[in-house]
Structure formats: C-alpha cells, structure tokens
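# Coordinates in review
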Amino acid sequence: PDLVKFGVVVEHSEHRAVLRVPQTGLQAAIAGLLAALPVEDLTVVDPPLEDIMRQLFADASADKAEAK
C-alpha cells in the first residue's frame with residue numbers, strides 16, 4: 001500500500017517492486033521512495049518506443065473522433 005502513493009504498481013513481490021511513474025513526477029517519486037523505504041537498488045527505464053508510438057496514435061485517433 002505504501003507504493004501506491006509513488007506510482008502505479010505494475011509488479012510487486014517481497015524483494016522487488018516495479019512502478020509506472022509519469023516523467024513529470026519521476027523526481028518526486030524517487031525522492032519519496034528513497035526517504036520512505038529501505039531501497040537497495042533503483043533503476044529508471046524509459047518505456048519501449050512501441051508503447052510510446054501506440055499511445056501517440058491512440059491519442060491522435062481520439063482527437064479526430066472528438067473533432068467530428
């Protein structure tokens with residue numbers, strides 16, 4: 001439950017957690033995690049390019065549908 005305030009929990013086990021955090025909230029999430037929890041290792045990974053492109057096309061399609 002403590003992890004939810006830092007981002008979307010994608011995966012969680014006893015010794016590992018994967019969070020999805022928007023770029024705009026990344027620094028605050030990292031600072032909060034390091035201050036609140038016993039973090040041994042932290043890795044920041046950008047989403048795959050395919051996911052970014054998929055989201056861009058989905059947003060563009062939604063904008064077209066709203067314009068009609």
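These remarks concern the structure in this document. (Residues numbered from 1 in each chain as written. Predicted model: local features only at pLDDT ≥ 70, side-chain atom pairs only at ≥ 80, totals over all residues. Heavy atoms only, no water.)

### Focus on the overall build of the protein chain
Each helix and strand counted, the protein chain has two helices and two strands in total. Shown N-terminal to C-terminal, the secondary structure of the protein chain runs as helices and strands in the order β-β-α-α. Here the protein chain has a C-alpha radius of gyration of 16 Å; the compact-globule value for 68 residues is 11 Å, and the former is much larger. Summarising its shape, the C-alpha atoms of the protein chain cover approximately 50 × 20 × 20 Å along the three principal directions. Here the protein chain holds 68 residues, and the buried ones make up 9% of them. The long-range share in the protein chain, meaning contacts at least 24 apart out of those at least 6 apart in sequence, stands at 21%. (Helix = DSSP H or I, 4+ residues; strand = E, 2+ residues; numbered from the N terminus. Rg over C-alpha atoms; globule rule 2.2 N^0.38 Å. Buried < 20%, exposed > 50% of the residue type's maximum accessible area, 1.4 Å probe, protein only. Contact = heavy atoms within 4.5 Å.)

### Structural notes on the pairing of strand β2 (residues 17-20)
Here strand β1 (residues 8-12) pairs with β2 via four bridges, running antiparallel. The residue of β2 that forms the bridge with Val 9 is Leu 19. Hairpin remark: β1 followed by β2, antiparallel, with four residues in the connecting loop. (Pairing = 2+ DSSP bridges.)

### With respect to helix α1 (residues 26-36)
Those residues of α1 not exposed but buried are Ala 29, Gly 32 and Leu 33. All buried residues of α1 lie within an arc of 100 degrees about the axis, which places them on one face of the element. Opposite the buried face of α1, at more than 90 degrees from it, the exposed residues are Gln 27 and Ala 35. Of the surrounding secondary structure, the elements contacted by the buried residues of α1 are β2. (Arc of directions from axis to C-beta.)

### Focus: the pattern of salt bridges
Under the counting rule described, the total for this entry stands at two salt bridges. For Arg 16, the salt bridge is made with Glu 11, and the minimal N-O distance between the two is 3.2 Å. Measuring nitrogen to oxygen at the nearest pair gives 2.8 Å for the salt bridge that ties Arg 54 to Asp 51. Of this pair, Arg 54 and Asp 51 both sit in helix α2 (residues 49-67), separated by three residues, roughly a single helical turn. (Salt bridge = Lys/Arg side-chain N within 4 Å of Asp/Glu carboxyl O.)

### Let's talk about the environment of Ala 35
When you line up the elements, Ala 35 lands in helix α1. For Ala 35, a relative accessible area of 70% translates into the label exposed. Sequence-wise, Ala 35 and Ala 65 are 30 residues apart; in three dimensions their C-alpha atoms are separated by 44 Å.

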